[in-house]
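Listed here are the chains, written in short residue letters.
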Amino acid sequence: MAAAVEGPELEAAAAAGDASEDADAGSRALPFLGGNWLSLDLYPGGCQRLLHLCVQQPLQLLQVEFLRLSTHEDPQLLEATLAQLPQSLSCLRSLVLKGGQRRDTLGACLRGALTTLPSSLSGLAHLAHLDLSFNSLETLPACVLRMRGLGALLLSHNCLSELPEALGALPALTFLAVTHNCLQTLPPALGALSTLQRLDLSQNLLDTLPAEIGGLGSLLELNLASNRLQSLPASLAGLRSLRLLVLHSNLLASVPASLARLPLLTRLDLRDNQLRDLPPELLDAPFVRLQGNPLGEASPDLPSSPVAALIPEMPRLFLTSDLDSFPVTPRGCSVTLACGVRLQFPAGATATPITIRYRLLLPEPGLVPLGPHDALLSHVLELQPHGVAFQQDVGLWLLFTPPRARRCREVVVRTRNDNSWGDLETYLEEEAPQRLWAHCQAPHFSWFLVVSRPVSNACLVPPEGTLLCSSGHPGVKVIFPPGATEEPRRVSMQVVRMAGRELQALLGEPEAAVSPLLCLSQSGPPSFLQPVTVQLPLPSGITGLSLDRSRLHLLYWAPPAATWDDITAQVVLELTHLYARFQVTHFSWYWLWYTTKNCVGGLARKAWERLRLHRVNLIALQRRRDPEQVLLQCLPRNKVDATLRRLLERYRGPEPSDTVEMFEGEEFFAAFERGIDVDADRPDCVEGRICFVFYSHLKNVKEVYVTTTLDREAQAVRGQVSFYRGAVPVQVPEEAEAARQRKGADALWMATLPIKLPRLRSSEEPRRGAGLSLAPLNLGDAETGFLTQSNLLSVAGRLGPDWPTVALHLGVSYRELQRIRHEFRDDLDGQIRHMLFSWAERQAGQPGAVGLLVQALEQSDRRDVAEEVRAVLELGCRKYQDRIRRTGLAPKDPAVPGSSAPQPPEPAQA
């Protein structure tokens, strides 16, 4: 039988239960209770909600088989809640107690507060699945070892340094995951898990394996990646059912030849180890992955160099989000950061120890140099100290999500060197279909980001001349004759293609066509000594035998000019059946057009901008449980429907805006109008206006808390959020003026979406959620009158939507008021109680605190509550005087309030 919950938690739950009209009706109103699923991990105050249900005991609760609960809660409240599960959810089959719902500034998941489990949980007789990931467990709770029906146990991302021997006594366990912990050894009893089919022990500190692990006869998958294993036991040959064995990123110098004889093995991952020799049967096997091993090199017993001797001892660091630095010694190290970054420092990279610091920064226009057709794929990584030189190249891997369009585009890592930005030679490594690593060699420490750009081809032009061809468009060539340069100079080429249908729609001309857009750049002097020949394919559908030369235009554009110039008459165009050739002496952008239009420069500018434009929608959605929390998002048009479907359960709001055209990296801002304001304590907020920068492949999301200065007790507040181009201005444009500018080429106003803040719930309405756990507190003193905890609860129940005004008159800062609103954003009662009791705790022992409360209530036009407080004080004073009088200590002076005049003695009886 599970222990009953006692104390304030049960009182709070009971109070919440009494406030509900009907137990069944209350359970039906809870969106997190559906069928046999109870999902409370995404709701604030999940423990209080669960206690609320346990007190009500609705019929649906008895049918729950799957429970999800966040562990970002008060530890005592969490333990009390879990103790109720065996008697309230007796049919529970799956229990998920995960942290990780909250993230730090770098985006890494934060661990939950769970450090143990109540012993009563062993009474969950039907439990088959237990997930305790992303918590702070240092030892495995004893109750887990008594769950005889447990089939799946997930312990990843905890602080476990060992596993108990008793773990081998779980007879039904088929899946065990203990990744990202601190395991250094494994218990021999682990080999007794005869039913275990999947075992994941990756990302730990294991250097050896017990021989008993070969007894796992039913094991299908074994993952030991990213440990410190230097050898493997021969008993692994006993894993006759094994199909997948992952051993990458260890320190293995050899592997048993018996692994080749496992009959069902279909994949053996040995990447990034120290293997210099391998049994022939494994070396030729198609299912073995061996990248990153020094196969064929000298034996580690006879190193060919001092550096090779140090490689097996290279430490591996796995840093959590709360660390922002790490040491590097001459031995080198492999570092994995929580923000999706890997670093490889080879031995000898530095002659002396050095401390590396890192930050992951949000992209800003000044920190993200994007070309006209570039797209940003990652946040900005800063590595310090800047400019530090290494004796060997340092490997850098950045994780990113690949863009949808990859044709004639490439992904590169861009970095800053001195005062200029440049692209590094980048290789892509696929981790999953939608997760890629961009790998490069970092020549220095500075800022790094991942960029998608048109394919670039480059070459070094010697004085003898050379030929440069485009890899994406074979017809594009540049011929450098001998003598074009005296000193070797580096030139690069980018080619961008424009769809013919898009151009024809833009010009309104069915026969219009263009060639690929060519960008040429160089280092050194701006001009060449000899003319350079450029070859471009003729526009699509046009041949040199039938074209009308009067319709053919060669256009030229040199930044930062805003217009394209027609240079057809200034060059000699040599036409073949498929190509056009011309000679130039300096480089920029070139474009070949075939059109009947006479003034082509302005049309080319529109077409060039069209290539850079992204059609986006602006969205303003309000949380269903807290309409004052508003989600603003700017996303490409093709992602709108999928995003809305994903957010539908948590948010509601108007339809997305009309399509808005925007450039990659363009700044804009959102302004709240008509009585709606935003909390100004934000770095991206200026006088109630939120600043954005649009990046097509990153999440352009802002989540803000809006407020209003209008009286909302009587009616709802209707306002709007409008989006405008450019940086945040001093004044918000007038709506009429912005609407007039909408039709212009550089319209400032983009879209306006409505926002409705409903009337705050009055105190007479049923309360949602459970109450707060409040410590005993008395305010004032017995002689002049005091307020007990019950009295303060009564006051809190009467304040309703007036509580912010009372709080300000009590001296509560506006910043703290906003923090309380955010912390209890779905619970008005919680906001009021937290404000009042936190203020009372600060006033404990201070004279005049009760008088200050009465004064604040009167200043807030709540004289009704102030009179009730005075009545409580007077009643307390009378009780105090009566108690004094009964003890014979009351003064006899009639002038003293509460005393009585002396009475004459009664006559004696005869």
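Enquirer: What am I meant to see in the overall build of the protein here?
Expert: Scanning the protein from terminus to terminus reveals 17 helices and 50 strands. Expressed as a percentage of its 910 residues, the buried residues of the protein come to 47%. Across the protein, contacts joining residues at least 24 apart in sequence account for 61% of those joining residues at least 6 apart. When the accessible surface of the protein is totalled, it reaches about 43500 Å², and 51% of it is carbon and sulfur.

Enquirer: How should the sheet that holds strand β42 (residues 667–673) be read in this particular structure?
Expert: To summarise the sheet geometry, strands pair through backbone hydrogen bonds and adopt either a parallel or an antiparallel arrangement. Taken together, five strands build an open sheet; the order of strands is β44-β45-β42-β47-β48 and the sheet is antiparallel. Where the open sheet ends on each side, the last strands, each with one partner, are β44 (685–686) and β48 (749–757).

Enquirer: Even after reading the chapter, I still don't get the pairing of strand β29 (residues 489–496), so can you show me in this structure?
Expert: Regular strands place their side chains on alternate faces of the sheet. The buried fraction of β29 is high, at six of eight residues. Relative to β29, strand β26 (residues 456–461) runs antiparallel, the two sharing six bridges. Residue pairing for β29: Cys459 is matched across the bridge by Val491. For β29 and strand β31 (residues 517–522), the ladder comprises six bridges, and the chain directions are antiparallel. Along β31, the bridge assignment pairs Val491 with Gln522.

Enquirer: It is not clear to me how the sheet that holds strand β28 (residues 477–480) should be interpreted in this structure. Could you clarify?
Expert: Taken in spatial order, the five strands line up as β27-β28-β32-β36-β35 in an open sheet, and their pairing is antiparallel. A strand with exactly one partner marks an edge of an open sheet, and here the two such strands are β27 (466–469) and β35 (574–575). Bridging between β28 and strand β32 (residues 527–537) involves three bridges; their strand directions are antiparallel. Of the residues in β32, the one forming a bridge with Lys477 is Gln535.

Enquirer: Could you clarify how one ought to interpret the side chain of Thr179 in this entry?
Expert: Note that Thr179 resides in the loop between β7 (175–177) and β8 (198–200). Within polar-contact distance, the side chain of Thr179 engages the side chain of His180 at 3.5 Å. With residues near it in sequence (within four places) discarded, Thr179 still touches Leu155, Ser156, His157, Asp200, Ser202, Gln203 and Asn204.

Enquirer: What should I look at first to understand the pairing of strand β21 (residues 409–417) in this one?
Expert: Looking at chain direction, β21 and strand β25 (residues 447–454) are connected through seven bridges and run antiparallel. Following the sheet pairing, Val411 is matched in β25 by Ser452. Bridge count between β21 and strand β22 (residues 420–424): five bridges; the pairing is antiparallel. Bridge pairing in β22 links Asn417 to Ser420. Counted along the chain from β21 to the antiparallel partner β22, the turn is two residues long, and its residue Asp418 has a positive phi close to 60°.

Enquirer: Please explain helix α16 (residues 849–859) as it appears in this structure.
Expert: Side chains of residues three or four places apart in an α-helix project in the same direction, reflecting 3.6 residues per turn. For α16, the full list of buried residues reads Ala849, Val850, Leu853, Val854, Ala856 and Leu857. Along α16, the residues classed as buried sweep out an arc of 160° about the axis, all on the same side. Just downstream of α16 lies Asp861, where phi reads positive at about 60°.

Enquirer: Just checking my understanding: could you explain the pattern of salt bridges for this structure?
Expert: Two side chains with opposite charge may pair up if their charged atoms get near one another. As enumerated under the stated definition, the model contains 23 salt bridges in all. Here the salt bridges do not stand alone but share partners, grouping Asp374, Glu410, Arg414, Asp423 and Arg453 into one network.

Enquirer: Looking at this structure, I do not really get the packing of helix α8 (residues 500–507) against helix α9 (residues 601–612). What am I missing?
Expert: When two helices pack together, their arrangement is given by the angle between the helix axes and the distance between those axes. Contact geometry for α8 and α9: axes closest at 11 Å, N-to-C directions at 135°. The angle between the axes of α8 and α9 places the two elements in the oblique class. The two elements α8 and α9 meet at a crossing, and its hand is right-handed. Here α8 contributes Glu502, Leu503, Leu506 and Leu507 to the contact with α9, which in turn contributes Leu603, Lys606, Ala607 and Arg610. Classifying every residue of the contact of α8 with α9 gives five nonpolar, no polar and three charged.

Enquirer: What's the story with a positive patch on the surface in this structure? I'm lost.
Expert: A grouping of Arg624, Arg652, Arg718 and Lys756 is seen on the molecular surface, where their side chains present a positively charged patch. In this fold, Arg652 is placed in strand β40 (residues 651–652). Accessibility expressed as a relative area gives 40% for Arg652, which makes it partly exposed.

Enquirer: Teacher, can you tell me more about the side chain of Ser258 here?
Expert: If you trace the backbone, Ser258 turns up in the loop between β10 (244–246) and β11 (267–269). A relative accessible area of 14% means that Ser258 is categorised as buried. Setting aside anything within four residues of it in sequence, one finds Ser258 in contact with Ala234 and Ala237.

Enquirer: Help me understand the environment of Leu647 in this model?
Expert: Along the chain, Leu647 falls in helix α10 (residues 640–647). What makes Leu647 buried here is its relative accessible area of 6%. Along the sequence, Leu647 and Arg623 sit 24 residues apart, while their C-alpha atoms lie 9.6 Å from each other. Not counting residues up to four positions away in its chain, the partners in contact with Leu647 are Leu621, Leu631 and Gln633.

Enquirer: What should I look at first to understand the environment of Glu628 in this one?
Expert: Take Glu628: it is sitting in the loop between β38 (613–623) and β39 (629–636). C-alpha of Glu628 to C-alpha of Val704: the two residues are 76 residues apart in sequence and 8.3 Å apart in space.

Enquirer: I would appreciate a short explanation of the packing of aromatic side chains in the present structure.
Expert: Between two aromatic rings, the relevant description is the distance of the centres plus the angle of the planes. Under the criterion given, the structure shown has 19 aromatic pairs. Consider the rings of Trp557 and Trp564, whose centres lie 5.8 Å apart with planes at 25°: the pair is stacked. Arranged with centres 5.4 Å apart and planes meeting at 85°, the rings of Trp591 and Trp593 form a pair that is edge-to-face. Of the two residues, Trp591 and Trp593, neither departs from the other in class, the shared state being buried. Taken together, the ring pairs in this structure connect Trp557, Trp564, Trp589, Trp591, Trp593 and Trp608 into an aromatic cluster. The aromatic ring of Phe528 is capped on one face by Arg489, whose charged end is 4.5 Å from the ring centroid. Over the aromatic face of Phe692 sits the side chain of Lys702, whose NZ or CZ is 5.7 Å from the ring centroid.

Enquirer: I keep staring at the confidence of the model for the protein and nothing clicks. Help me out?
Expert: For residues with low pLDDT, the predicted coordinates do not support detailed interpretation. In the predicted model, the protein carries a mean pLDDT of 79, and the fraction of residues at 70 or more is 82%. Within the model, the stretch residues 892–910 combines pLDDT values under 50 with eight contacts to residues more than four positions away or in other chains.

Enquirer: Sorry if this is basic, but what is going on with the nonpolar core here?
Expert: One recurring pattern in soluble globular proteins is that nonpolar side chains are buried together. Formed by 75 residues in total, the largest nonpolar core has its most connected members in Leu95, Leu222 and Leu270. Every element with two or more residues in this core is listed here: β2 (37–40), α3 (46–56), β3 (66–70), α4 (75–83) and β4 (94–98). If we skip the residues at most four places from it in the chain, Leu222 touches Leu199, Ile213, Leu236, Leu239, Leu242, Leu244, Leu245 and Val246. Core analysis: the next-biggest nonpolar cluster, separate from the first, contains 33 residues, Tyr358, Leu377, Val413 and Leu436 among them.

Enquirer: Looking at this structure, I do not really get unusual backbone geometry. What am I missing?
Expert: The linkage connecting Gln384 with the following residue, Pro385, adopts the cis geometry, with an omega of 5°. By the element assignment, Pro385 lies in the loop between β19 (380–384) and β20 (394–400). For Ser226, which is not glycine, the phi torsion reads 55° and is therefore positive. Along the chain, Ser226 turns up in the loop between β9 (221–223) and β10. On the accessibility criterion, Ser226 (5% relative accessible area) is buried. For Glu687, which is not a glycine, the phi torsion comes out positive at approximately 50°. Position of Glu687 relative to the elements: it lies in the loop between β44 and β45 (689–693).

Enquirer: Explain helix α15 (residues 828–843) to me, please; I cannot follow it from the model alone.
Expert: If you check α15, its first and last C-alpha atoms are 23 Å apart, about what 16 residues at 1.5 Å a residue would give, namely 22 Å. Buried residues dominate α15, accounting for 13 of its 16 residues.

Parameters and conventions
Residues numbered from 1 in each chain as written. Predicted model: local features only at pLDDT ≥ 70, side-chain atom pairs only at ≥ 80, totals over all residues. Heavy atoms only, no water. Helix = DSSP H or I, 4+ residues; strand = E, 2+ residues; numbered from the N terminus. Buried < 20%, exposed > 50% of the residue type's maximum accessible area, 1.4 Å probe, protein only. Contact = heavy atoms within 4.5 Å. Areas by Shrake-Rupley, 256 points an atom, 1.4 Å probe, with all protein chains shown as cover. Pairing = 2+ DSSP bridges. Polar contact = N/O pair within 3.5 Å; in protein donor to acceptor, adjacent residues only side chain to side chain. Arc of directions from axis to C-beta. Salt bridge = Lys/Arg side-chain N within 4 Å of Asp/Glu carboxyl O. Axes fitted to C-alpha atoms, helices over the stretch in contact; angles between N-to-C directions. Parallel < 35°, antiparallel > 145°, perpendicular 65-115°, else oblique. Left-handed = near helix turned anticlockwise from the far one by under 90°. Nonpolar A, V, L, I, M, F, W, Y, C, P; charged D, E, K, R; others polar. Patch = residues over 30% accessible without salt bridge, like charges linked within 9 Å, V, L, I, M, F, W, Y side chains within 5 Å. Lys, Arg positive; Asp, Glu negative; His and termini not counted. Charge placed at Lys NZ, Arg CZ, Asp CG, Glu CD. Phe/Tyr/Trp six-rings, centres within 6.5 Å; stacked < 30°, edge-to-face > 60°. Lys NZ or Arg CZ within 6 Å of the ring centre and 35° of its normal. pLDDT = per-residue confidence, 0-100. Core = buried A, V, L, I, M, F, W, Y, C linked by side-chain atoms within 4.5 Å. Expected span 1.5 Å × (residues − 1).

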